Every structure is written in C-alpha cells, then in structure tokens.
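Observations on chain architecture
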Amino acid sequence: MGILRSEPMKRATLVLPAERARTFVETLARSSNVQYEDMNGDSLKRPYRKFIQRVDELDRVIRVLYEEMGKVPIAEDPENRSMVDLVVKDHVEGFLSYDSSVYSLDEVEKEVGEVYRRLSTFQHNNQSLQERKMECIEQKWVMCLAALQYEGGHFKQRRPSDGAAGESDRLVGDDSLSFAAVAGTIMQSEQERFARTLFRATRGNTYTHFQPIGEALFDPKTGDPVQKSVFVIYFQGGATSNMREKVARICQAYSARTCDWPASYEAAAAGKADLEMQVAEKAQALQAYDRFLTDQFTALAEVPRPDGNSRIEEWRLFTLKERAIYAVLNMFEGESTLRADCWYPDTEEGSIRSTLLQCSQATGVSGMLILDPRPINTASAPTYNKPNALIDAFQSLVDTYGVARYQEVNPALFTIVTFPFIFGIMFGDIGHGLCLFLFGCWCMLNADGLKHHPMLKPFYSLRYMLALMGFFAIYAGLMYSEMVGIGVSLFDSSYSEPTLAEGQTTWTMKWSGKPYPFGLDPAWHGANNELLFVNSLKMKLAVLFGVSQMMLGLSMRFVNACYARNWVDLIFECVPMTVFMVCFFGYMDYMIMYKWVTPMDNPPSIINTMISMGLGTPNKTPLYEGQAGIEKLLMTLTMLTVPLILIPKPLILWWQHQSMAQGYEEVAVDDEEIGGLMGGGHLGEGHGKHVEAFDMGEVAIHQAIETIEYVLGTVSHTASYLRTWALSLAHQQLALVFLNKFLLPAMAVQGIMSGVAVYFGFAVWACTTAGILLGMDVLECFL
C-alpha cells in the first residue's frame, strides 16, 4: 500500500517444535515483522518463566556493573568523566550480525557472573581495608593527643592503658589521687550531646577533652566525608569500677570508637609511628584496588570487533534480545509442539515461509505457518506502517497522539508537509530559516556519524524534519519579507512616497494600484501602523491555515469511510461534520478573504459578525447585501448537524444488530464500529451465527462523546491555531529588539573604536540570536 495506508495484514497460526522454538523465533525476528497473540492470556501459563528470571538477574548484574563504572573516574579527566563514558554504544546492527555465533545465555551468564563475583570480593576486601585504614587514622590521632598531653607534663607517671576490653592501670597525678581514662573518636555532630550525657550520667565526676581530627575522613560504606573528634575521658577509679562500665556503655550508645590509651610519651610516639606505617600500607593496598577496577572496567569497555559495541554493552543488548525472545515464547501454547496465532504483512509471507524452510533444514525439525482462511476482522488487525528515513520522525510524532486504525489513511504522510509548514508560519524569517535549513542539510550529510554519536544522536532521526522546517521558515520569511528582523525588498514596492511639504514629518504612501508580486510589501516595514497591520495579517493567516488543516482531516475521514464502504459513517458523520465546519468556520474564512479583496471605508469586525451570527442578533454593520439571510441559513444548517451526528448512528447500529439476531443479512458497517461497540465479535459470517450482546447505552454514550468532542474541538482547535500568530509576532519582535539593541548601536559608533564596537556588538548579537531565536524559539515553535 506504500505510505498512504498501513500495510495489508494476514492472520495465521505458527506451529513450532518445542526443542527448537527459540531458534525459529529468533530467526523470524531478524528477517520479518511478526506480531504474536497471547494464547495463554486466560490461563496465565508461562512455560519460559524461569528463563525470564535468569535474564532479569543477568540484567540486574549488568546494571550494577554500569553503576560501578560510573563511580570510577578517568585518569585524564577525573572531575568530569568516568569509566562509563568509555563504553561504545548504539551499534545494534553490528551486534545482531555476530551475536548468534558469539553469545549464548549460559556462556554470558557464566562470564558476567565471574566478573560480578570477582568485583564483589574485591569490594568487600576494599571496604574492610577502608574501615581498617579509618580506624588506624583515628587511633593515630588519639596517639597524637596522648603525646601532646604527656609532653606538656600533665602527669608524672605512666597513664593506664584503656581499651574496649582491656585492663586499665592507675594514672597518678599526685601522691594522693589516682585516675583512669577512656579515649576514642566520635562524630563532631554528636560531640555536644555526648559530653552532656556523660556529665549528667556521672553527675559531673568525669572530665572530657575533645580535639578535632585535622584530616579528611570518609565513611567506608557510603564514601561520604565525615568529621570526627578525638576524646579522652578522665575519671577516678580503676579498670573494674562502676564508673568505667558506665562510661563504656555511653560510648557504645553513641557509636564512639574507643582505643587503648598509651602509658607514656614514648609509648604514644611509638604507637603513632606504627599506625602511620599501617596507614601507608593500607593506602598502597587501596591504590592496588583502584588499579584493579580501572583494568577490569577498561576490559569491559573494550570493543571486541570494529563494528561492535563495548563488551558490557553487548551483554546488555543480549539480555534485551533474550528477554524479548522468551516473552514471545511465553505466548505459545502446547507441550511438545508450540502454537500461536500471529499477524504479519501480506508482502512478507514469502519471506516468512522461506525463513521457516531454511531454519527447518538447518535444525532438522519442521516449523509451519498455517494461514487463517476466515476474513480479517479489522477491529483486531494491527496497524503496521512500513518505516523509512524520511517519514520516521513524523510517524513517531503522529503515533504520540494516536495510531490510525487498520488500513486507514496514514496522517504522517500529510504531516511531512503540514507540520514544517505550520512551524514555518511561526518561525518565518529568511536568515533564521536558512540557518536551520543548513543545519538540517549538515545532519543529512553526516548521518552516519550522528547515528552513533552519544550527544547528537537525536538529530539523526530529525535530520529531514529540520531541513523541511528550515525550508518552510525561509518560504514564510519570503512571505513576510523579513531577514533577521530587517525588511527586505525582493521586488519594486507598490507604494511610493508623495511630495513632502517643508517641515512635514509624516505622510501617507501612495499605492500604484498593482499588487506586490509575492509576500508582504516592504513599504510596510518601518511604517507607523506596521505592527497593527502585520498583527492583523498574521492572525487571519493563522485562522485560514488552521481551518484548512482541519478540512484536510475531514477529507481523510471521507476517504477512510469510502474505502471501508462504511456508508453509515459517511452519511451520518462525515457529511454533517463537513457541513458544520464549512457553514461556520468556512464562512468565517470567506469573510476574511472577502475583506481582503473588497475595498471598504469602514470595514466591519469579523469577530462581532460571528458573535451576532451565533446569537441570532441583527448585525448593524453588514459586510455585503443579503448577509443576514445567508447567515441565518448557515447557522440553521450548523445547528441541525449536531443532532444528525448524535442520534441516527446508534439507532442504525441497533437496527443492524436486531436484523442480524433474526437471521437477516446486515447492512455493511465498519468492523470496528460493530466489533468495538457491540463487544468485539466478528460479524457478517453468515446466517444463524452467534451475535454478541448489544449495549445501546454504551453505544449512545460513545456517540455523545464523539459529538461533543468534535463540536468543542473545532472551536478550541481554531483558537489554538492563533498561537502561530502569537509566536510569529514574538519571533519577529525579538529579532528586531536584538538588532536594535546590540548590532545597530555598535555600527553607529564613530572613530577609531568603530571596528572594536562592531566586533563585540556583532558577537553579542550573534550569540543571543543563536541561543534564543535559533535555540529556545525553535523548541517553542516545535512544541
């Protein structure tokens, strides 16, 4: 059918041997477009559930590896890039050409599992090393505090050792008193609460000293920076005193890390040196772990083939392919022989049978395609539009709003012209449109490079759309006679300046009586009433083009109804909808064009005329003779179309159902209307067949929604088309503001600095034009 309609489809039953079903499904997916129906939808039987679970687990592990790669920086640019930036992606064709001979689920599962287990083991060891390193650093600062206090001469004899579970000797400060000490580290955020709790729990019988750690510390589990302080708690008593037990419980409650307190200055200095050596050794071990991660992730980012992806990306693509294959196999029913109904394009039947034959010969078992002899039910037939590079972007845009029913006219074909044209109306400027057009042409010339570029990949699919948008923006700019906000004169103006009297500053241009050959006469640019005239012109153009596009949609509805031989839709929907559109909005467009071609001294307002027409009130300023009678007739026809759309169709469907229930042959009605509104049964297969129940209330509600949606939609759509006028006016005024504020003042500078002023003025003007008018405004008009 080409691109005007979706491809004709056929329905068949695919029969495959269970032991080789995966091979058949994969081979068919590579060469043909097949849509399978779920044969286990009611029973929810999923024979390949375990394979799906294996693939899901494999996908989870690969995602973890990707996340870990994102945490490892690249040595060349550690601040901005990570190892995941080295992964080569998007070479799907290269992967599909090698994956069957290189990858299998068992082998990939084993290889990924080994990498994951090795990484998990090293991560666990690294976390232990990090914890031990942080512990050594904290103990080192405890030794520093002890050495500082011993060096200051606070104690004449050795201080007791105080560990988490060790003995404590007495600390002698003079001949009569003996003390014990507990030392460790605690979070600085808990420091105040910790000291307050100690004071209250011990009733002031302890003295706590804090010293901030002047070194960067990190949480070994999260990697987040933390701030800690060294504390030492002095109290009177021995190693087995109740006071010591109470202090130990409080330290444990605040997750404080305690350590041994040295007995002398020499012990503190020796402990500090030993701990510094341990920290250096563990730092070397951690650097070895970083090198291991770099080597491991570099190997995962390597490309095994010139046209392939990175190894980890190929694993990810493999999981996507395997999940899709087993999801399809879950739709089949049967034990030793699997069966599933499927849809495929009529033009690909030969290719599918040839693929089944080749696969049967290669595997030694047979697969069959059994054609369904029954007529196709259009209500359940899928819509398949054959893709191509030009239409893909427009097809995706149309499918975002809705997919056409089977064998209906494809709106994307007309969107190739209408979408860029409406964009051009909003973005109309010769210079800006030329920049966009050249960018689109550059994207077309460099399509192969853009296809796999990590940042510019979206422009690959949009390359033709961008070129067309730029082309129609140039066309609209020629209509507006505008280039970067400046009026351009392509032809001789139809206006001339009159002879001015001495001291006259304003004048009215004389019209020669001949129209300007194309577009807007440049004499309007710079006129006092330019904005008023251009504002009115663009607003009316927006309404004209909007109603024209809605009429195009109605014409497609006519074509669909005639193609499907659906006379009910043709007579009771298409015809009254067209009458409604023409009698109201078409008449409004007629008045716009009538005012353009008919000179009037005091032309009436079209908005007031439409309000008078809708309310049925007399129009005090008629546009032409006999206007009141014509408007009354048009409004009567407009009002009569609403019940004609609303009432007859549900009654006709009900009568057809009654006739079929009594064994009479039905009048031809669209399959989707009958199938969808009457329960989805396939009708028209002969007399005496079972007919699904007919719900008149559901059909009536559906038709009421359709009627209200159309009537209100025509009004709201016409109003929404006024956005093209608003955006076009805003674009032109922004371009003019940038020109007047940046470039023209720089060009007016005289003297030796004129060149410098023009250089910087042009740079600012070019940057603002590129960023706002060619960047933000393109997105605004696009959306």
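About the criteria used
Residues numbered from 1 in each chain as written. Predicted model: local features only at pLDDT ≥ 70, side-chain atom pairs only at ≥ 80, totals over all residues. Heavy atoms only, no water. Helix = DSSP H or I, 4+ residues; strand = E, 2+ residues; numbered from the N terminus. Rg over C-alpha atoms; globule rule 2.2 N^0.38 Å. Buried < 20%, exposed > 50% of the residue type's maximum accessible area, 1.4 Å probe, protein only. Areas by Shrake-Rupley, 256 points an atom, 1.4 Å probe, with all protein chains shown as cover. Lys, Arg positive; Asp, Glu negative; His and termini not counted. Charge placed at Lys NZ, Arg CZ, Asp CG, Glu CD. Patch = residues over 30% accessible without salt bridge, like charges linked within 9 Å, V, L, I, M, F, W, Y side chains within 5 Å. Salt bridge = Lys/Arg side-chain N within 4 Å of Asp/Glu carboxyl O. Pairing = 2+ DSSP bridges. Contact = heavy atoms within 4.5 Å. Axes fitted to C-alpha atoms, helices over the stretch in contact; angles between N-to-C directions. Core = buried A, V, L, I, M, F, W, Y, C linked by side-chain atoms within 4.5 Å. Phe/Tyr/Trp six-rings, centres within 6.5 Å; stacked < 30°, edge-to-face > 60°. Lys NZ or Arg CZ within 6 Å of the ring centre and 35° of its normal. Parallel < 35°, antiparallel > 145°, perpendicular 65-115°, else oblique. Left-handed = near helix turned anticlockwise from the far one by under 90°. Nonpolar A, V, L, I, M, F, W, Y, C, P; charged D, E, K, R; others polar. Polar contact = N/O pair within 3.5 Å; in protein donor to acceptor, adjacent residues only side chain to side chain. Disulfide = S-S within 2.5 Å.

1. Thoughts on the overall build of the protein chain
Helix and strand content of the protein chain: 24 helices and 15 strands. Compactness check: the protein chain gives a C-alpha radius of gyration of 40 Å against a globular reference of 28 Å for 783 residues, more than 25% above the reference. Overall size of the protein chain, expressed as C-alpha extent along the three principal axes, is 125 × 100 × 55 Å. Across the 783 residues of the protein chain, 41% fall into the buried class. If you sum the accessible surface of the protein chain, you get close to 42,300 Å²; carbon and sulfur atoms cover 59% of it. In the protein chain, the 65 positive side-chain charges and the 88 negative ones have mean positions that sit 6 Å from each other.

2. A few points about a nonpolar patch on the surface
Taken together, the side chains of Val-749, Ile-752, Met-753, Val-756, Tyr-759 and Phe-760 make up a nonpolar region of the molecular surface, amounting to roughly 660 Å² of accessible area. Residue placement: Val-749 occurs in the loop between α23 (722-747) and α24 (754-782).

3. Some remarks on the pattern of salt bridges
Taken as a whole and judged by the stated rule, the model has 33 salt bridges. Across the pair Arg-22 and Glu-26 runs a salt bridge, and its minimum N-O distance is 2.8 Å. On the criterion of helical spacing, the pair formed by Arg-22 and Glu-26 is a turn pair, its members being four residues apart in helix α1 (residues 21-31). When salt bridges that share partners are traced, they join Arg-11, Glu-37, Asp-341, Asp-372 and Arg-374 into one network.

4. A closer look at the sheet that holds strand β1 (residues 9-17)
A sheet is described by the order of its strands in space; here four strands give the open sequence β2-β10-β1-β11, paired in antiparallel fashion. Edge positions in the sheet fall to β2 (35-36) and β11 (368-371), since each has one partner strand and no second. Strand direction decides the pairing type here: β1 and strand β10 (residues 337-345), joined by nine bridges, are antiparallel. If you follow Met-9 over to β10, its bridge partner there is Pro-345. Sheet contacts for helix α9 (residues 349-363): β1, β10 and β11; angle to β11, the most-contacted strand, approximately 145°.

5. A few points about the nonpolar core
In this structure, Leu-14, Ile-312, Trp-315 and Phe-332 are the most contacted members of the largest nonpolar core, which totals 51 residues. Elements that contribute at least two residues to this core include exactly β1, α1, α2 (49-71), α4 (105-151), α7 (265-301), α8 (311-329), β10 and α9. With 30 residues, the next largest nonpolar core counts Phe-419, Phe-421, Ala-473 and Leu-541 among its residues.

6. What to know about the packing of aromatic side chains
Aromatic ring pairs: the centre-centre distance and the angle between the two ring planes describe each pair. Under the definition given, this model contains 30 aromatic pairs. Their ring planes at 45° and their centres at 5.9 Å tell us that Tyr-48 and Phe-51 sit as a pair that is tilted. Look at Trp-524 and Phe-533: their rings are 3.8 Å apart centre to centre, the planes differ by 5°, and that puts the pair in the stacked class. Note on Trp-524: relative accessible area 17%, which makes it buried. An aromatic cluster of three or more residues is present, and its members are Phe-421, Phe-471, Phe-472, Tyr-475, Phe-518 and Phe-545. Taking NZ or CZ as reference, Lys-538 lies 4.3 Å from the ring centre of Tyr-480, over its face.

7. Looking at unusual backbone geometry
Residues other than glycine seldom take positive phi values, yet Gln-407 does so here, at roughly 70°. The exposure class assigned to Gln-407 is buried, which follows from its relative accessible area of 10%. At Val-484, a position not held by glycine, the phi torsion is positive, near 50°. Structurally, the position occupied by Val-484 is in the loop between β12 (482-483) and β13 (486-487). We classify Val-484 as buried; its relative accessible area is 19%.

8. Concerning the packing of α23 against α24
For any two helices packed against each other, the geometry comes down to the angle between their axes and how far apart the axes lie. Interhelical geometry of α23 versus α24 gives an angle of 170° and a closest axis separation of 7 Å. With respect to α24, the element α23 is oriented roughly antiparallel. Of the two possible hands of crossing, α23 and α24 adopt the one that is right-handed. Partitioned by chemical class, the residues of the contact of α23 with α24 number 17 nonpolar, five polar and two charged.

9. Structural notes on the pairing of strand β8 (residues 228-236)
With respect to burial, β8 is a largely interior element, eight of its nine residues being buried. Here strand β5 (residues 206-212) pairs with β8 via seven bridges, running antiparallel. Looking at β8, one finds that Pro-212 is bridged to Ser-229.

10. Section: the packing of helix α16 (residues 530-563) against helix α22 (residues 696-720)
Contact geometry of α16 with α22 gives a least axis separation of 9 Å together with a crossing angle of 150°. Viewed along their axes, α16 and α22 adopt a mutual orientation that is roughly antiparallel. Each of Val-543, Met-550, Leu-554 and Arg-557 in α16 lies in contact with α22, whose residues at this interface are Glu-706, Tyr-710, Thr-714, His-717 and Thr-718. Of the residues in the contact of α16 with α22, the class split is four nonpolar, three polar and two charged.

11. Describing helix α10 (residues 392-401)
When we look at burial in α10, the residues that qualify are Ala-393, Phe-394, Gln-395 and Val-398. Against the buried residues of α10 lie α11 (411-427), α14 (458-461) and α15 (463-480).

12. Here's the deal with the side chain of Ser-229
Examined against the element boundaries, Ser-229 turns out to sit in strand β8. Since its relative accessible area comes to 1%, Ser-229 is described here as buried. Only 2.9 Å separates the side chain of Ser-229 from the side chain of Gln-191, close enough to count as a polar contact. Excluding residues within four positions of it along the chain, Ser-229 makes contact with Gly-184, Thr-185, Ile-186, Gln-188, Gln-191, Gln-211, Pro-212 and Ile-213.

13. Re the state of the cysteines
Enumeration according to the criterion identifies zero disulfides in this entry. With no disulfide of its own, Cys-583 lies closest to Cys-574 among cysteine sulfurs, the gap being 16 Å. The class of Cys-583 is buried, set by a relative accessible area of 7%.

14. Structural notes on the environment of Glu-109
Examined against the element boundaries, Glu-109 turns out to sit in helix α4. Glu-109 sits 48 residues away from Val-61 along the chain, and the two C-alpha atoms are 9.8 Å apart.

15. Focus on the environment of Tyr-721
Within the element layout of this structure, Tyr-721 appears in the loop between α22 and α23. In this structure, the C-alpha to C-alpha distance between Tyr-721 and Ile-422, residues 299 residues apart in sequence, is 9.2 Å. If we skip the residues at most four places from it in the chain, Tyr-721 touches Ala-542, Gly-546, Gln-549 and Met-550.

16. Examining the environment of Phe-782
Structurally, Phe-782 is set in helix α24. A sequence separation of 355 residues divides Phe-782 from Phe-427, and the C-alpha atoms of the two residues are 9.5 Å apart.

17. Observations regarding α1
Among the residues making up α1, those that are buried are Ala-21, Phe-24, Val-25, Glu-26 and Leu-28. Contact partners of the buried residues in α1: β1, β2, α3 (92-102), α8, β10 and α9.

18. Here we look at the side chain of Gln-296
Following the sequence through the fold, Gln-296 ends up in helix α7. Residue classification places Gln-296 among the buried residues on the basis of a relative accessible area of 13%. Once residues lying within four places of it in the same chain are set aside, the contact partners of Gln-296 are Val-115 and Arg-118.

Just geometry here; none of it tells us what the structure is for.
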